[in-house]
Amino acid sequence: MAQMNLTQALNSAMDVMLGRDPTVVLMGEDVGYFGGVFRVTDGLQRKYGAHRVLDTPIAEGGIVAAAIGMAVNGLRPVAEIQFADYIYPGFDQITSELARLRYRSAGDFYAPVTIRTPCGGGIRGGQTHSQSPEAVFTHVCGLNVVMPSNPYDAKGLLIASIEEDDPVIFFEPKRLYNGPFDGDPAKPAAPWSTHPKGEVPEGHYRVPLGKAEIVRPGKDLTIVSYGTMVHVAAAAASAHGLDAEIIDLRSLVPLDVDTICDSVRKTGRCVIAHEATRFSGFGAEILSVVQENCFWDLQAPIQRVTGWDTPYPHAFEWEYFPSQARFAAAFRVVMEPA
Amino acid sequence: MNIPDYSVWLNENQHSIDHGRKLTGMPRTPRLHLPPTPARPGESPDFSYLQLSPAGAVPRPDVNARARDIGYLSLELVRVLDDAHDAVGPWHPHLDPAELQVGLRHMLLTRTYDDRMQRNQRSGKITFYMRSLGEEAVSVAQCMALRPGDMLFPSYRTQGLHIARGLPLVDMMCQLLSNTRDMCKGRQLPVMYHSAAQRLFSISGNLATQFPQAVGWAMAAAIKGEDDLAAAWIGEGSSAEADFHHALLFAAVYQAPVILNLVNNQWAISTFQGYAGGEQRSFAARGPGYGIAGIRVDGNDFLAVHAVTQWAAERARIGAGPTLIELVTYRAAAHSTSDDPSRYRAKDDYAHWPLGDPIERLKAHLIKHAGWTEERHRALVEELDAQVAASWKEAVTHGTLVDGPRLDPDLMFEDVFKVMPPNLERQRAAMRAERSDARWRK
């Protein structure tokens, strides 16, 4: 085991896969010589060569399309889109091509492409460096969608994603690269070395897609979340003295319905949290799953804690970010006696 | 470097090749071409790849010339200022010395502003900044060659446009500060200025999007029968985006009155221009490929940039078609305050850039030919320093992100739509309640 931050854990996952599987190639803007603007691919071009860790033109549509072609010809590309906010020029290739190639060719062609992309706010990135567009992709049939919340899961999930024969959109909450974040920007940043999930095996291991983790068992209520909000949820519940069962989904597609519903059947109360905007957000899907499966177990209306339905504003970052205070409002409703 | 032996791998991994993927045909040695980068850290700067034409050597065709007949303009390099600081050749714009001094002033003001804002970012007053060091002639000369009615679609490194158009420095600084006088009401990252009154389009943090939008603006001008034109700026790096090609295609199809400016500053963050497609042929040559005029110009030569822009503007205004201008320059500073170029390019590279510094070149020309002196230059630098300092002093009275007054967070919910929908009204109320919850108040 080694101490790793989230960046190093992702780097380690790709290092392991480049070493094990010669069909794995990395590609993206500034990922090669420079090692990525967030240093996630640092040192990998030096170690594995410029033919396996490719710098690319600034053309997300081209990156995704070329990755598809490379995958169809036997490679297993891991493409980086520098910020999730920049993924849209690749949208047609992702939704119309990558997601549907297996289906339209009756399985004769498929493209095992992993698209890694940093998402989320909390770094003063303004509206074009802060978005969380995961729901846009969960709505597309044929894409796996993953978002880790800690270094251990990040490495295991990225290895599982690269080994997966279907495409994976792998979101990396950039606020978590260097340490967990409980939603309070005034507190000094904590490094991953203070967190048990900063302990990461150096070799190959997988965290399976489609398996949520119960981060903390509890009996008062269930909080379903993923990415940065897992940490904010835990801090908020603790601040309110609630014995919350906190579920980190880890992958949104496939979705671990059983873990969510088993928990809500037990607690009877549910809060769903994500950083992305609320309207048609992924929380709406989770809410439907809970309502469809656990209606007779619910003691109170399900609540969502989310970003507001606006673009991510530079000057109002901390009024926008789903804070512990926003959880407090949700707790007030969901904890009302039945 | 570890070159994988695919044949060995194939034998060991037959089970996972299950849908006719053919690894057997792969050679053992990769043969994919990777564009070279001339000089990385620890190496000497090397600009031998750069194709130059002597000052004054490139013929100036009539503005009516057909794109197919002037392909040479996209491969040569239009230059007016020679090494002796004289203005030579058919592109010499014969500008009035007073106008040249205005150009020098705008370029110097841009550089002074950049220096001061960079320092303000370093001291934590603003969150982010991007300098245009070494590229000042591009935006200043081009803006001066256009008319006030022409619509400009800037990129994030063309602040000389805003300065030359006369956007008050205080307004620009208030945007950087996201303060109570911020034209973007706190919604945009620093440097994403706009001014509807001065016809400076809103800058997007997404790349290249403005290029085809400028073509659309120009198409509208043509539809309405107006003679204003549109001009847009893009970096060579972001010209890789499909939007660049949309722009050229629509400009060519509709012969839109637009000037498409590609600022080739050689670097896209860490990535050399070869990766944007500049290795085999000039970027300007893409113009003729689409059937529009393409011109390659020395971007650090104020006179040449002005002359070429004026030529393209006249061409657009008389309906002779759009122009793609490649401005060959150098990004002398980091990509942004979040970047450290010592990690990926040679030290002192800018000192070796063969096209020199745009301010120094115009200054030397003015000293030789227009009565400019070192004393007057020094006095101008001091005056502009004082102007920038005074503007900053005024700007911070409207607040910084660190010290109030702050913009009202209610503004976050406005302008999503023209009329605020009920869900945003509810969310605004919820946000207010959160803020009044004393426990969490900051």
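Residues numbered from 1 in each chain as written. Chains lettered and ligands numbered in written order. Predicted model: local features only at pLDDT ≥ 70, side-chain atom pairs only at ≥ 80, totals over all residues.

Before going further, it helps to spend a moment on the overall build of chain A. Along its length, chain A carries twelve helices and 14 strands. Computed over the C-alpha atoms, the radius of gyration of chain A is 19 Å, within 12% of the 20 Å expected from 2.2 N^0.38 for a compact globule of 338 residues. The principal-axis extents of the C-alpha atoms in chain A amount to approximately 60 × 45 × 40 Å. Per-residue burial for chain A yields a buried fraction of 60% across its 338 residues. The contacts of chain A with a sequence gap of at least 6 include a subset with a gap of at least 24, amounting to 77%. (Helix = DSSP H or I, 4+ residues; strand = E, 2+ residues; numbered from the N terminus. Rg over C-alpha atoms; globule rule 2.2 N^0.38 Å. Buried ≥ 20, exposed ≤ 12 C-beta atoms within 10 Å, placed from the backbone. Contact = placed C-beta atoms within 7 Å.)

Attention now goes to the overall build of chain B. If you tally the helices and strands in chain B, you get twelve helices and seven strands. Here chain B has a C-alpha radius of gyration of 25 Å; the compact-globule value for 442 residues is 22 Å, and the two agree. Each of the three principal axes of chain B carries a C-alpha extent, and together these read 75 × 70 × 50 Å. Across the 442 residues that make up chain B, the buried fraction comes to 48%. Counted over contacts in chain B with a minimum sequence separation of 6, partners at least 24 positions apart contribute 75%.

The next subject is the interface of chain A and chain B. Chain A puts 47 residues into the contact, and the matching count from chain B is 53 residues. Going through the elements one at a time, helix 2 (44-48), helix 3 (60-72), helix 11 (317-320) and helix 12 (324-334) of chain A are the ones with two or more residues in the side of chain A that touches chain B. Element by element, the count of residues in the side of chain A that touches chain B is highest for helix 12 of chain A, at five residues. The residue inventory of the side of chain A that touches chain B, partitioned by class, reads 23 nonpolar, 15 polar and nine charged. (Nonpolar A, V, L, I, M, F, W, Y, C, P; charged D, E, K, R; others polar.)

This brings us to the domain arrangement of chain B. By the assigned domains, chain B splits into domain 1 (67-396) and domain 2 (409-440). A separation of 39 Å is found between the C-alpha centroids of domain 1 of chain B and domain 2 of chain B. (Domains from an automatic or database assignment.)

Our next topic: the domain arrangement of chain A. All names here are of chain A. Partitioning chain A into domains gives domain 1 (2-200) and domain 2 (213-334). Measuring from the centre of the C-alpha atoms in domain 1 to the corresponding centre in domain 2 gives 24 Å. The partner domain 2 presents 29 residues to the 31 residues of domain 1 that form the contact. Within the residue set of the side of domain 1 that touches domain 2, elements represented by two or more residues are helix 6 (134-138), strand 6 (144-146), helix 7 (151-163) and strand 7 (168-173). Split into classes, the residues belonging to the side of domain 1 that touches domain 2 amount to 13 nonpolar, twelve polar and six charged.

This part covers the environment of Ile58(A). Locating Ile58(A) in the fold gives a position in the loop between strand 3 (53-55) and helix 3. On the basis of neighbour counts, which here come to 27 C-beta atoms within 10 Å, the residue Ile58(A) falls in the buried class. The residues contacting Ile58(A), other than those within four sequence positions of it, are Glu29(A), Leu207(B), Gly237(B), Ser238(B), Ala240(B), Glu241(B), Ala268(B) and Ala276(B).

This part covers the sheet that holds strand 13 (residues 270-277) of chain A. Residue and element names in this part refer to chain A. Reading across the sheet, the five strands line up as 9-11-10-13-14 and stay open at both edges, with mixed pairing between neighbours. With partners counted over all chains shown, the strands left at the sheet margins are strand 9 (213-216) and strand 14 (303-307), one partner each. Across the sheet, the axes of successive neighbouring strands diverge by a mean angle of 25°, strand direction being ignored. With three bridges connecting them, strand 9 and strand 11 (residues 244-248) associate as antiparallel partners. Bridge pairing in strand 11 places Glu213 opposite Asp248. Each of strand 10 (221-225), strand 13 and strand 14 is contacted by helix 12, which is oriented at about 170° to strand 14, the strand it contacts most. (Pairing = 2+ DSSP bridges. Axes fitted to C-alpha atoms, helices over the stretch in contact; angles between N-to-C directions.)

We now examine the packing of helix 8 (residues 229-239) of chain A against helix 12 of chain A. Residue and element names in this part refer to chain A. Closest axis-to-axis distance for the helix 8/helix 12 pair is 9 Å, and the angle between their directions is 60°. Between helix 8 and helix 12, the interaxial angle falls into the category oblique. Here helix 8 runs over helix 12; the crossing is right-handed. Residues Val232, Ala233, Ala235, Ala236 and Ala239 of helix 8 pack against Gln324, Phe327 and Ala328 of helix 12. Along the lines of polarity and charge, the residues of the contact of helix 8 with helix 12 split into seven nonpolar, one polar and no charged. (Parallel < 35°, antiparallel > 145°, perpendicular 65-115°, else oblique. Left-handed = near helix turned anticlockwise from the far one by under 90°.)

This brings us to the pairing of strand 2 (residues 230-235) of chain B. Residues and elements named next belong to chain B. The element strand 2 is largely enclosed, with a buried count of six among its six residues. Here strand 1 (residues 151-153) pairs with strand 2 via three bridges, running parallel. Following the sheet pairing, Phe153 is matched in strand 2 by Ala232. Once you follow strand 2 into helix 7 (residues 242-254) and on to strand 3 (residues 258-264), the crossover reads as right-handed. (Right-handed = clockwise from strand over helix to strand, strands pointing away.)

It is worth spelling out the sheet that holds strand 3 of chain B at this point. All names here are of chain B. Spatially, five strands are ordered 1-2-3-7-6 in an open sheet, and the strand pairing comes out parallel. Two strands in the sheet have a free side with no partner beyond their single neighbour: strand 1 and strand 6 (293-298). Averaged over all neighbouring strand pairs, the angle between strand axes comes to 20°, with direction disregarded. Note: strand 2 against strand 3, six bridges, orientation parallel. Across the sheet, the residue bridging to Trp233 is Asn261, located in strand 3.

Looking now at the nonpolar core. If you look at the biggest cluster of nonpolar residues, it comprises 224 residues, and the most contacted ones within it are Ala233(A), Val258(B) and Val308(B). If one sorts the elements of this core by residue count, helix 9 (residues 302-317) of chain B sits on top with ten residues. Once you skip the residues sitting within four places of it in the chain, Ala233(A) turns out to touch Ile223(A), Ser225(A), Ile246(A), Ala273(A) and Phe327(A). (Core = buried A, V, L, I, M, F, W, Y, C linked by C-beta atoms within 7 Å.)

To continue, consider the confidence of the model for chain B. Residue and element names in this part refer to chain B. Counting all residues, the mean pLDDT for chain B is 93, and 93% of those residues have values of 70 or more. Of the regions scoring below 50 in pLDDT, residues 7-22 engages in eleven contacts with residues more than four places distant in sequence or in other chains. Across the assembled chains, the prediction reports ipTM 0.93 with pTM 0.94. (pLDDT = per-residue confidence, 0-100.)

The subject of this paragraph is the pairing of strand 2 (residues 24-28) of chain A. Residues and elements named next belong to chain A. Counting buried residues along strand 2, five of its five residues qualify, which places the element largely inside the surrounding structure. Alternating residues of strand 2 divide into Val24, Leu26 and Gly28 and Val25 and Met27, and every residue in both groups is buried. Inspection of the sheet shows strand 2 paired to strand 3 by three bridges, in the parallel sense. Its bridge partner lying in strand 3, Met27 is registered against Leu54.

As a further point, take helix 9 of chain B. All names here are of chain B. Taking 1.5 Å as the rise per residue, helix 9 with 16 residues should run 22 Å; its terminal C-alpha atoms sit 22 Å apart, in good agreement. Across the 16 residues that make up helix 9, a large majority, 13, are buried. Where helix 9 ends, the next residue or the one after it, Gly319, has phi of about 85°, a positive value. (Expected span 1.5 Å × (residues − 1).)

Glancing now at helix 10 (residues 358-369) of chain B. Residue and element names in this part refer to chain B. The terminal C-alpha atoms of helix 10, which comprises twelve residues, lie 17 Å apart, in line with the 16 Å expected from a rise of 1.5 Å per residue. Of all the residues in helix 10, the buried ones are Pro358, Ile359, Arg361, Leu362, Lys363, His365 and Leu366. Along its buried surface, helix 10 packs onto helix 2 (97-122), helix 3 (136-145), helix 9 and helix 11 (374-396). The positive-phi residue at the C-terminal boundary of helix 10 is Gly371, with phi of around 75°.

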